[in-house]
Amino acid sequence: VKRATPPRWLESLLARCLPRDVRGRSILGDLHEAVGERYAAGDVRAPLWYFWHAIRIAVRYAPANLFRYSALEGTRMIGLAQDARYALRTIRRDLRFFLFAALIIGLGIGANTAVFSVMSPLVLRPLPFADSERLVWVALGTSGGMSSVTSRTSNLRDFRSMSQSFEALTGYYAFFEYSSYNLVGDGQPERLVGVDVAQDFLDVLRVRPMLGRNFTVEEGNWGGPSVAILTHAFWARRFAADPSIVGSSITLNNQPTEVIGVLPPSFDFASTFTPGSRVDFLRPFPISDETDRQGNTLAIIGRLEPGSTVEGAQAELDDINRRLQAEQPGRWGLGAVVSGLQEQIAGRFRSAMVVLAAAAAAVMLIACANLSNLLLARGPKRQKEMAVRSALGANRHRLVRQLLIESLLLALCGGLIGVFIAFAATRAVAGTSAISIPMLHAVSIDATALWFTLGVSVLAGLLLGIIPALQMSEGGEAAVIRESSRRAGESKRHTRLREVLVVAEMALACVLVVSGGLLLRSFMSVLDVDLGFQPAGTMSWRVDTSRNFESLTAANVFYDQLVANVQAVPGVEAVGLTDTMPLGRNREWGLRAKGVFYEEGQAPTFFPRMVDWRYLEAMRIPLLAGRYLNAYDIGESSPVLIINQAAAERLFPEQDAIGQIVFINGDQEWQVVGVVGNVRHQSLEEASGLEGYLPISQMGDWGALDMVVRSSVPPATLVQNVRAALRATDPTMPTGEFQTLNAVVDRAVSPRRFMLLLLGAFAATALLLAALGIYGVLSYSVTQRTAEIGIRMALGETEARVLGRVMGRTMALASVGVGIGALGSVVAARLIGSLLFGVRPTDALTFSAVMSILLLVSALAGFLPARRAARTDPMVALQSS
Amino acid sequence: MTSPDHTGDFEQMVLLAVLRLDNEAYALDVLSELDARAGRRVTRGTLYKTLDRLDAKGLIDWQVEEAGPERGGHPRRRFRVTREGVRVLKTSRAALFRMWEGLEAKLGRSPS
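In this text, all values refer to a predicted model and were calculated from it rather than measured experimentally.

Enquirer: Hey, could you run me through the overall build of chain A in this one?
Expert: Within chain A, the regular secondary structure consists of 28 helices and 23 strands. Among the 881 residues that make up chain A, the fraction classed as buried is 52%. Relative to all contacts within chain A whose residues are 6 or more apart in sequence, the contacts with residues 24 or more apart total 80%. Only carbon and sulfur atoms are counted for the fraction: they give 59% of the accessible area of chain A, which is about 39300 Å².

Next comes the structure, spelled out in structure tokens:
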């Protein structure tokens, strides 16, 4: 043990809390002796022990002694402590004002803390993996659907063996949502979502299973043992967090699968890589020739060697790809675009987050301006007090400090309220799965957020306090002498100051409301987009059977029976099957028209969907030419497909597409029998690419199916009956996963809605605060000028004229604010340009509507004081002055 | 403030502990005495505050002993119960006895 005495700083801190006489010193001595014995006994926790006991004693003695002058004697704290106690007294005298003001500033601080917390895991904090800055995303290319960014497993194998820049390369099967696993066992049969990951996936991310172990090399081989690692959420939900599940076997798709581990709660695969979805377990994905034949399937993630850069890795992979292409001229699907993993996950949300942060900051500024104004209005009341203090010897510095301490206390109290607001807000956000924004699960008010709140509170306290403090403290004793005189010039100057603040508030509010308005218009245009299908009145079920069919015919018979059973449910109008619901997944296959030569790399790709013959009609996707699929398009007949309008125009420009032959991913011929309308399949904002519909009855290459049911009965009744019909077809089929198509559309617009709601709330707060500001200023000036108004009215000015003058002042202030705000909005709208859809940043309708609203609200805010002025009784006014 | 004739339960315990230590009580010893005899584990803060209170009521007083480096040069206080303290203890013991009298049937004999 090195030192046998307690930490000096701690001892002197404790001494400040204790009585300054022998009592206090003997207490210090007792502790000193006791901790010395602990040191002597070799107790390594001795300092901790001292700290703990010092705290316990300090808590008992501090209230009586900390603010005693004797405790602070000789320090610069003494004046500060006096000021703090004085400020507390001032606050107690006018507690209601203080609480109201704290609430206003609390709203501003709460907004900032909430936005900070949402941003934090996405933009500010590194990803929740060790040395995450070395993790990179290796995409095949930069644009297009998922098939254009995922790679063949042979790419991963070759990159692993040839590159030097990476410590390790791994990946996961990006199309995992197409496959599905039925869990049968205790309780209801349930459909699970599992992700196939390369054997070393967790190692590369440096994630350790919380229970059990990682995949072994043998398990990562083709045909290796069937094992799974459960996600923490699934383990807690389905197995009630029972640790003994590790090592036991569960039945997935009729196959016994050993649970070998459980992931830690800190690693939420879905929230990190595929926000808005759900993942229940990981399984090993073989990097082998067998999986290579499946084409572009792998999302590759790499960990750079220490010292390697993204650029260096890019250059190396480019070189490797050139060499591979030269050695194997027939090889397809080579390519690599390296980018930081954080950038890949969070990049596209960054601009939205910056906008939100700016909006929250603006709300905060408005709240500060508002409170400055309120404090200024109290100026005359306090000026007498200030004069007395300065007559008693306080200099201006001391007065300003006093007033700033008051505003700091106000802001800190507001900060406390803000933390509660932010806490509620983040709880709501983190708990939802309806928003497809990554890392939302990690949103919380943590220590960093609290420090941030503290910083923001102090800043706000200084910001809102400085102008009133400077104004109130000026004048000194002179103010008392001049108290009886009207101080006309000074008063006018102060009024001007307050008006400037109101104009600033109005301008900021205008910027926020215009931005909110533009986002609202964008949101409405997105909802107005022609989806290409009709979601209303339609629900979808995930229908996965655990059966293995011997032949395509057997599968067709089973699914025909299933559809027939559902079709028989009362109120059902149409039923269809597809392996790809709109607005979710995507993939790309090659598509060539027969007899057309395509340049290297110029061959079109399309988004294939396997459907049954009833699907297109059930979704009400309109037929433009030819025919829909029908019950005779089955295995034995010649393969047919239906393409969308975009595909017809691209493949067969100025020709009739019907009857044409196309090749899909190879040499088999498919005949186009129909052309249907384009469907928004990726997102509402993006126009459709080339699409095709292949009959599941001819094409066995699909993993799992969704069933769409169009009906006229309310969802609750429908759900019961459809579930019964599904169970009648296959008792082991999970039937718990269903949704309305409107919910699917809702999920697709959820980030936009999230943004709109937040910005809308900010804009509404801003507007309210600005209106309060206008009201406050005019109300105050009417009160101040009661005598003047009284004289004017005694001399014959009419009520209407008084009303008109006050309203005129109101509208003048509002107009200047709105004018400046409109200019600011033009700049702001350009900044949020990337978030807009179907509306120009300078949309005249939005601008004029917002400006009218602001002026109208201002008029309302000004009307109350104006009416009061007009109702002034000249006699009363003159008497009171 | 409480009248000196009536002390709280814990204050009484502290007075008794000081007496038990032959009127040569240091704060740390009082702490261990309370723990050992009465099973009362209290924080140091509580003990010091109680000692201050007893001092203010005049039920204990203390003498200062200068101490060496093992206490970082800080003094040590040796507590003892004042005459007034002894009187208060006697009064409250008498009161307690009167209250206990005749309750043996209901509460049983005391273990000693």
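Continuing now.
Enquirer: Would you mind showing me how to read the interface of chain B and chain A here?
Expert: Accessible area lost upon the coming together of the parts serves often as the stated size of an interface. If you look at the interface, chain B gives 19 residues, while chain A gives 19 residues. Overall, the association of chain B and chain A removes approximately 1900 Å² of surface from exposure, summing both partners, and the carbon and sulfur fraction of that is 59%. It is Arg44, Tyr48 and His74 of chain B in chain B that bury the most area against chain A; as a group they hold 28% of the surface buried on that side. Glu33 of chain A is the salt-bridge partner of Arg71 of chain B, the closest N and O atoms lying 2.5 Å from each other. Where chain B touches chain A, the interface holds 11 residue pairs in polar contact (both at pLDDT 80 or more).

Enquirer: In this structure, what is going on with the packing of helix 15 (residues 396-430) of chain A against helix 16 (residues 447-473) of chain A? I would like to understand it.
Expert: Relative orientation and spacing of two packed helices are given, respectively, by the angle between their axes and the distance between those axes. All names here are of chain A. Here helix 15 crosses helix 16 at 145 degrees, and the two axes come no closer than 7 Å. Helix-helix and strand crossings are classified by hand; for helix 15 and helix 16 the assignment is right-handed. The residue inventory of the contact of helix 15 with helix 16, partitioned by class, reads 19 nonpolar, seven polar and one charged.

Enquirer: Please explain the pairing of strand 9 (residues 255-262) of chain A as it appears in this structure.
Expert: The side chains of a regular strand alternate, residue by residue, between the two faces of the sheet. Residues and elements named next belong to chain A. In terms of strand pairing, strand 6 (residues 211-212) meets strand 9 through two bridges, oriented antiparallel. Note on strand 9: the bridge partner recorded for Gly212 is Gly261. As paired elements, strand 7 (residues 227-230) and strand 9 share four bridges and run parallel to each other. If you follow Val227 over to strand 9, its bridge partner there is Glu258. As paired elements, strand 8 (residues 249-252) and strand 9 share four bridges and run antiparallel to each other.

Enquirer: Honestly, the packing of aromatic side chains in this entry has me stumped. Any pointers?
Expert: All names here are of chain A. Inspection of the entire model under this criterion finds 17 aromatic pairs over all chains. When the ring of Phe201 is compared with that of Phe269, the centres are 5.9 Å apart and the planes differ by 50 degrees; the resulting orientation is tilted. You can see Phe201 sitting in helix 8 (residues 201-205) and its partner Phe269 sitting in helix 10 (residues 269-273), a full 68 residues away along the chain. You'll find Phe201 and Phe269 in the same group, each marked buried. Taken together, Phe129, Tyr172, Phe176, Phe201, Phe267, Phe269 and Phe273 form an aromatic cluster joined through their ring pairs. If you follow Arg152 out to its NZ or CZ, it ends over the ring of Trp332, 4.3 Å from the centre. Positioned above the aromatic ring of Phe607, the side-chain terminus of Arg609 is 4.1 Å from the ring centre.

Enquirer: Please explain the nonpolar core as it appears in this structure.
Expert: Nonpolar side chains tend toward joint burial in soluble globular proteins. Residue and element names in this part refer to chain A. Among the nonpolar cores identified, the biggest contains 172 residues, and Tyr172, Phe201, Phe267, Phe269 and Phe273 are the most heavily contacted of them. Of the residues forming this core, the biggest block, 18 residues, is contributed by helix 13 (residues 341-377). Setting aside chain neighbours within four positions, we find Phe269 in contact with Tyr172, Phe176, Val195, Phe201, Thr274, Val279 and Leu282. Val566, Ile643, Ala647 and Val719 belong to the second largest nonpolar core, which has 45 residues in total.

Enquirer: Help me understand the pattern of salt bridges, please; the structure alone is not making it clear to me.
Expert: Where side chains of opposite charge bring their charged atoms close, a pairing between them can arise. Taken as a whole and assessed by the stated rule, the structure comprises 49 salt bridges over all chains. Close ionic contact of Arg283 of chain A with Asp196 of chain A constitutes a salt bridge, the shortest N to O distance being 3.6 Å. Of this pair, Arg283 of chain A sits in strand 10 (residues 281-284) while Asp196 of chain A is found in strand 5 (residues 194-197), placing the two residues 87 residues apart along the sequence. Its salt-bridge partner being Glu573 of chain A, residue Arg620 of chain A comes within 3.7 Å of it at the nearest N-O pair. With Arg620 of chain A in the loop between helix 20 (615-618) and strand 17 (623-626) and Glu573 of chain A in strand 14 (residues 572-578), this residue pair connects regions lying 47 residues apart in the sequence. In the salt-bridge network here, residues are joined through shared partners; they are Asp30 and Glu33 of chain A together with Glu65, Glu70, Arg71, Arg76 and Arg78 of chain B.

Enquirer: Would you mind showing me how to read a nonpolar patch on the surface here?
Expert: Residue and element names in this part refer to chain A. On the surface, Phe100, Leu768, Leu772, Tyr775, Phe863 and Leu864 cluster together into a nonpolar patch covering about 540 Å² of accessible area. Within the residue set of the nonpolar patch, elements represented by two or more residues are helix 24 (750-784) and helix 27 (844-870). When residues in the nonpolar patch are grouped by element, the largest group, three residues, is from helix 24. Looking at the element boundaries, Phe863 is found in helix 27.

Enquirer: Help me understand the confidence of the model for chain B, please; the structure alone is not making it clear to me.
Expert: A low pLDDT means the predicted coordinates there should not be read in detail. Residues and elements named next belong to chain B. Per-residue pLDDT for chain B averages 85, and the proportion of residues at 70 or more is 91%. For chain B, helix 5 (residues 104-107) is the element with the lowest average pLDDT, namely 78, and strand 2 (residues 76-81) is the one with the highest, namely 92. Reported for the predicted complex are a pTM of 0.67 and an ipTM of 0.89.

Enquirer: Any chance you could explain helix 2 (residues 22-40) of chain A here in plain terms?
Expert: Because an α-helix completes one turn every 3.6 residues, residues spaced three or four positions apart along the sequence face the same direction. All names here are of chain A. With 19 residues, helix 2 ought to run about 27 Å at 1.5 Å a step, and its terminal C-alpha atoms sit 26 Å apart, in line with that. With 14 of its 19 residues buried, helix 2 lies for the most part within the structure. Regarding helix 2, its N-cap is Asp21, as a side-chain oxygen of that residue lies 3.0 Å from the backbone nitrogen of Arg23 further along. Gly42 sits one or two positions beyond helix 2 and adopts a positive phi of about 80 degrees.

Parameters and conventions
- Residues numbered from 1 in each chain as written.
- Chains lettered and ligands numbered in written order.
- Predicted model: local features only at pLDDT ≥ 70, side-chain atom pairs only at ≥ 80, totals over all residues.
- Heavy atoms only, no water.
- Helix = DSSP H or I, 4+ residues; strand = E, 2+ residues; numbered from the N terminus.
- Buried < 20%, exposed > 50% of the residue type's maximum accessible area, 1.4 Å probe, protein only.
- Contact = heavy atoms within 4.5 Å.
- Areas by Shrake-Rupley, 256 points an atom, 1.4 Å probe, with all protein chains shown as cover.
- Buried area = accessible area lost by both parts, 1.4 Å probe.
- Salt bridge = Lys/Arg side-chain N within 4 Å of Asp/Glu carboxyl O.
- Polar contact = N/O pair within 3.5 Å; in protein donor to acceptor, adjacent residues only side chain to side chain.
- Axes fitted to C-alpha atoms, helices over the stretch in contact; angles between N-to-C directions.
- Left-handed = near helix turned anticlockwise from the far one by under 90°.
- Nonpolar A, V, L, I, M, F, W, Y, C, P; charged D, E, K, R; others polar.
- Pairing = 2+ DSSP bridges.
- Phe/Tyr/Trp six-rings, centres within 6.5 Å; stacked < 30°, edge-to-face > 60°.
- Lys NZ or Arg CZ within 6 Å of the ring centre and 35° of its normal.
- Core = buried A, V, L, I, M, F, W, Y, C linked by side-chain atoms within 4.5 Å.
- Patch = residues over 30% accessible without salt bridge, like charges linked within 9 Å, V, L, I, M, F, W, Y side chains within 5 Å.
- pLDDT = per-residue confidence, 0-100.
- Expected span 1.5 Å × (residues − 1).

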